[in-house]
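# Tertiary structure, described
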Amino acid sequence: MAGAKSKMTLTEREEKDLKKFTTFFSLKTIQVIVQSRSGGKVETKSKIHSDGVDWFNVAIPDNLSIKSQVRKLLAQDVPNLNQPITIDITLETSEGDKMVLESWNLSFSDVKDPLAKVHYAVYSRMGLILKSIFCVTRAIPAYKIAKRQTFSDYKVLSSIYIGEGKGKLSSLGQDFQTMQIGVVPTPVGTLTLSVAYRTNLAMSVQQLNTSDRSPIQVSDDHFSKSPQRQLAAAALPKLPSVAQSESSTIDGSQEMWSSLLSSSPSTTNSQSNGLVGPSNKPKDHKLPPSKLPPASSSTGAITSEATLSSSPISIRKHLGAFASEPTLPEQLDIDLVPEDTPFESLLQAANKTKQESVSLEGKEIQPSGVDQLDAPGSDSQVSDKSSSSQTSDMEDFVMVDLHPAFAKSDSSADLANFYLSFQSAPELELFKDQPTLGEVLEKHIPEQLELYEKNVQEFDELVESLRVDDDSS
Amino acid sequence: MNARSQVFELTVESKQVEEVVLSLFHTILFHRTTGKFHYKQEGAFLIGTVGVVETDCDFVDLTYVRCNSTSLDTKLRREVAGFKEVLRSTDANAGLQCGQISLEFYQKKKNRWPFPDESIPWEVWTLKVNVISLANEQERQVYREKLGEILNEKIICIVEAMNRHDFIPKAPNQPLLETVFDTSCPDVQPFLFKISYQNSGPTNASVGTAVRKLLRDTLAL
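No experiment lies behind these values; they were computed from the predicted model shown. (Residues numbered from 1 in each chain as written. Chains lettered and ligands numbered in written order. Predicted model: local features only at pLDDT ≥ 70, side-chain atom pairs only at ≥ 80, totals over all residues. Heavy atoms only, no water.)

### Focus: the confidence of the model for chain B
Residues and elements named next belong to chain B. Confidence in the prediction for chain B averages 86 pLDDT; 88% of positions are at 70 or higher. Summarising per-element confidence for chain B, the mean pLDDT is lowest in helix H4 (residues 206–220) (64) and highest in helix H1 (residues 17–31) (95). Reported confidences for the modelled complex are a pTM of 0.60 and an ipTM of 0.88. (pLDDT = per-residue confidence, 0-100. Helix = DSSP H or I, 4+ residues; strand = E, 2+ residues; numbered from the N terminus.)

### Let's talk about the packing of helix H2 (residues 11–36) of chain A against helix H4 (residues 118–139) of chain A
Residue and element names in this part refer to chain A. Here H2 crosses H4 at 10 degrees, and the two axes come no closer than 10 Å. Here H4 runs roughly parallel to H2, going by the angle between their axes. In this structure, H2 uses Glu14, Asp17, Leu18, Phe21, Thr22, Phe25, Lys28, Thr29, Val32, Ile33 and Ser36 to contact H4, whose residues at the interface are Val118, His119, Val122, Tyr123, Met126, Ile129, Leu130, Ile133, Phe134, Thr137 and Arg138. (Axes fitted to C-alpha atoms, helices over the stretch in contact; angles between N-to-C directions. Parallel < 35°, antiparallel > 145°, perpendicular 65-115°, else oblique. Contact = heavy atoms within 4.5 Å.)

### With respect to the pattern of salt bridges
Inspection of every chain in the model, using the stated rule, returns 20 salt bridges over all chains. One salt bridge connects Arg4 of chain B with Glu123 of chain B, and the closest N-O pair in it is separated by 2.9 Å. Linking Arg4 of chain B in strand E1 (residues 4–13) with Glu123 of chain B in strand E8 (residues 118–132), this pair joins segments that are 119 residues apart in sequence. Overall, Glu123 of chain B belongs to the buried group, its relative accessible area being 3%. For Arg77 of chain B, the salt bridge identified is with Asp73 of chain B, shortest N-O distance 3.0 Å. With Arg77 of chain B and Asp73 of chain B both in helix H2 (residues 70–89) and four residues apart, the pair spans about one turn of that helix. By relative accessible area, which is 33% here, Arg77 of chain B ends up partly exposed. Asp73 of chain B gets classed as buried once you look at its relative accessible area, which sits at 10%. What you see here is one network of salt bridges that share partners, running through Lys28, Asp62 and Lys67 of chain A. (Salt bridge = Lys/Arg side-chain N within 4 Å of Asp/Glu carboxyl O. Buried < 20%, exposed > 50% of the residue type's maximum accessible area, 1.4 Å probe, protein only.)

### Some points on the environment of Pro121 of chain B
Within the element layout of this structure, Pro121 of chain B appears in strand E8. In this structure, the C-alpha to C-alpha distance between Pro121 of chain B and Asn2 of chain B, residues 119 residues apart in sequence, is 7.9 Å.

### Digging into the interface of chain A and chain B
Taken together, the contact between chain A and chain B spans 40 residues of the former and 37 residues of the latter. Carbon and sulfur atoms make up 55% of the area that chain A and chain B hide from each other, which totals about 3300 Å². Taken together, the links from chain A to chain B amount to four salt bridges. For Lys147 of chain A, the salt bridge goes to Asp56 of chain B, with nearest N and O atoms at 3.2 Å. Elements that contribute at least two residues to the side of chain A that touches chain B include exactly helix H1 (2–5), H4, helix H5 (142–147) and strand E4 (177–186) of chain A. Residues belonging to the side of chain A that touches chain B are distributed by class as follows: 20 nonpolar, nine polar and 11 charged. (Buried area = accessible area lost by both parts, 1.4 Å probe. Nonpolar A, V, L, I, M, F, W, Y, C, P; charged D, E, K, R; others polar.)

### Quick look at a nonpolar patch on the surface
All names here are of chain A. A cluster of nonpolar side chains, Leu437, Leu441, Ile445, Leu449, Leu451, Tyr452 and Phe459, forms an exposed patch at the surface whose accessible area comes to about 710 Å². Looking at the secondary structure, you find Leu437 in helix H12 (residues 437–454). The class of Leu437 is exposed, set by a relative accessible area of 63%. (Patch = residues over 30% accessible without salt bridge, like charges linked within 9 Å, V, L, I, M, F, W, Y side chains within 5 Å. Areas by Shrake-Rupley, 256 points an atom, 1.4 Å probe, with all protein chains shown as cover.)

### Some points on the nonpolar core
Formed by 109 residues in total, the largest nonpolar core has its most connected members in Trp104 and Ile181 of chain A together with Phe25 of chain B. With 11 residues, the single largest contributor to this core is H4 of chain A. (Core = buried A, V, L, I, M, F, W, Y, C linked by side-chain atoms within 4.5 Å.)

### Some words on the pairing of E8 of chain B
Residue and element names in this part refer to chain B. Of the pairings in the sheet, the one linking E1 to E8 comprises 10 bridges and is parallel in character. Bridging across to E8, Val12 finds its partner in Val131. As defined by bridge partners, strand E7 (residues 97–109) adjoins E8 across 13 bridges and the pair is classed as antiparallel. Residue Gln107 lies in a different strand from E8, and its bridge partner there is Ile120. (Pairing = 2+ DSSP bridges.)

### Some points on the side chain of Thr190 of chain A
Residue and element names in this part refer to chain A. Inspection of the secondary structure assignment puts Thr190 in strand E5 (residues 189–197). A polar contact is formed between the side chain of Thr190 and the backbone oxygen of Val111, at a distance of 2.5 Å. When neighbours within four sequence positions are excluded, Thr190 is seen to be in contact with Ser107, Phe108, Ser109, Val111, Val183, Val184 and Pro185. (Polar contact = N/O pair within 3.5 Å; in protein donor to acceptor, adjacent residues only side chain to side chain.)

### Notes on unusual backbone geometry
Residues and elements named next belong to chain A. The residue Phe56 is not glycine, and still its phi comes out positive at about 60 degrees. Relative to the helices and strands, Phe56 is located in the loop between H2 and helix H3 (64–75). Unusually for a residue other than glycine, Asn57 sits at a positive phi of about 60 degrees. You can see Asn57 is positioned in the loop between H2 and H3.

### Some words on the packing of H4 of chain A against H1 of chain B
Packing of H4 of chain A against H1 of chain B leaves a shortest axis separation of 9 Å and a crossing angle of 155 degrees. By the angle between their directions, the pair H4 of chain A and H1 of chain B is classed as roughly antiparallel. The crossing of H4 of chain A and H1 of chain B is right-handed. Contact residues: Leu128, Lys131, Ser132, Phe134 and Cys135 of chain A in H4 of chain A; Thr27, Phe30 and His31 of chain B in H1 of chain B. (Left-handed = near helix turned anticlockwise from the far one by under 90°.)

### What to know about H2 of chain B
Owing to its 3.6 residues per turn, the α-helix brings residues three or four apart onto one side. Its 20 residues place the ends of H2 of chain B 28 Å apart at the C-alpha level, agreeing with the 28 Å of an ideal helix rising 1.5 Å per residue. Among the residues of H2 of chain B, those classed as buried are Leu72, Asp73, Leu76, Val80, Gly82, Phe83, Lys84 and Leu87 of chain B. (Expected span 1.5 Å × (residues − 1).)

### Re the packing of aromatic side chains
Applying the stated criterion across every chain yields a total of 21 aromatic pairs over all chains. Between Phe105 of chain B and Trp122 of chain B, the aromatic rings sit 5.6 Å apart at their centres with planes inclined by 35 degrees, giving tilted as the arrangement. Within this pair, whereas Phe105 of chain B is found in strand E7, its partner Trp122 of chain B is found in strand E8, the two being separated by 17 residues in sequence. Aromatic side chains Trp122 of chain B and Phe191 of chain B sit 5.2 Å apart centroid to centroid with 80 degrees between the ring planes, which places their arrangement in the edge-to-face category. Placement of the pair is Trp122 of chain B in strand E8 and Phe191 of chain B in the loop between strand E9 (188–190) and strand E10 (193–199), with a sequence separation of 69 residues. Phe191 of chain B carries the same exposure label as Trp122 of chain B, and that label is buried. Through a chain of ring-to-ring contacts, three or more aromatic side chains come together here, namely Tyr120 of chain A together with Phe37, Tyr39, Phe45, Phe105, Trp122, Phe167, Phe181, Phe191 and Phe193 of chain B. Across from the ring centre of Tyr106 of chain B, 4.8 Å away, lies the NZ or CZ of Lys194 of chain B, which sits over that ring. (Phe/Tyr/Trp six-rings, centres within 6.5 Å; stacked < 30°, edge-to-face > 60°. Lys NZ or Arg CZ within 6 Å of the ring centre and 35° of its normal.)

Put into structure tokens, the structure is as follows:
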């Protein structure tokens, strides 16, 4: 109770106390939330005289295992500007399926309130928020789930870590709700506690699928060397600062992350998938040189690729199995081997020819396994093929000779033509016997005029009736 | 002074009335209660600790948290029992039972003798209750859960209102403690509050009561 009773004017002392209050407030917040999800019931006695452990004038039982695990986390000066404390409550079934139920976030912003008195206003406000947490934890859906966990074949886990949990909001299902529980303005900044919670409690297909995966999750672009990938890794919750309340499932949140990343649809359409975010870089996405953005136009995942490929010197960034070493632009001999042939390195060895790097056209090597296209060195439009938004457009799609596997080269034209005939819908019969402009002028228009002329009486009556109505009103 | 006011309206079964009112009023009082003050010299004081207790309802699918204070709970229950009586009394003459119960927080302003102290409300919570009777046990079961959800929403509303930066009386000096806080409970110290209730049957003219209240207030001065 040192905070409440002492009335210090020393700012240094106040600062020290404020730091202490913040730390204990974080600790008590975690205690209340995690305990509420343990399935037990809380009951504490009111005391006329407070003990040292009773912070903020609210009797909150101290769970020692939570305390010891969180202490290390709170030893770092958190929450601070960029490092909020996040508490995720996750449901795990006996089969290993996981579902994030709610995500609590204690953040700190630099909106200062110089008038807030540390020893009464701030302290009592923190107490008020702790009471609110007691009420809210019992009022949102995860409480009932947690309460029944002892009878059912699932458990509710809490993971506490430093860092933004916002990226995980998508793991809360479609219609999750968010709520701001309370705000504590202090002379050095504002503490905000909010919660996002799931309202749709049915296990979704995605979650069931991801749980079947192997524990080691490797997303499609895992080996990409682009900086975005590293950024994405940095955005993941930091493992060393993860504290777990229940049985040790430190990898819980991490696994959820990786499954989220890897459960995104295949890379070709990941661009249009909002769930994945910019960190998931499409591997074979290419832009035609004419549509490339300027080097510094955006920060998206494509930027690095685009800027690289728009420069005269193209460096291959993706090396698939059996792919050759990156070739440098001085090796510009045009050869007969199409650049996108699967297993090209094998062919290269046999033919002893050099690989064309096609750098001037701003193209990149396709990963093996992609439909092969015979790209004449100058036809840059070929690379449009992989940008999914344009494939439906006949104008943008230029069909070049297609080499079906194991087929003779001269028969490919048939297949290509066959393919082309189905590229667009057949013309409707309706439009086949459209009258020409001459016919319309000579025949249809005079006919219509004649008809109107015949009914002129009727039209006049109509106009008259409208006018009369207008007058009367 | 304008007191801020919040009104909730709920439709419940007769046996749910008590728990519904208690759950909401206890949630409000939990936020509006501090530990006991112990004054030291120079205006400094120590504050006691408020205990918490989780309470499960029998007739509603709800668990709420309240202050662990028997005296406060007893006080509240007494008022709610009175409200229930009033509701029941309307049973004979009207088909639909309804009424309202208010929880009002106020400050006292001392007046010179012989005038009585003035009460200045600063926050009023009103609960309008309509009593219905469900046809069968199955409906009752469904409504038990539904009402639980509704009450949870109301509790979230209360929490949101509590954390707005609105006026709350300041902690006073020792001589003025009783003008802000209710010191009658031995273990906790809620802000001064009073509970009033009335049945507002469909025939009850609100103008009449307003005029009567106005007269009463004028005479009290």
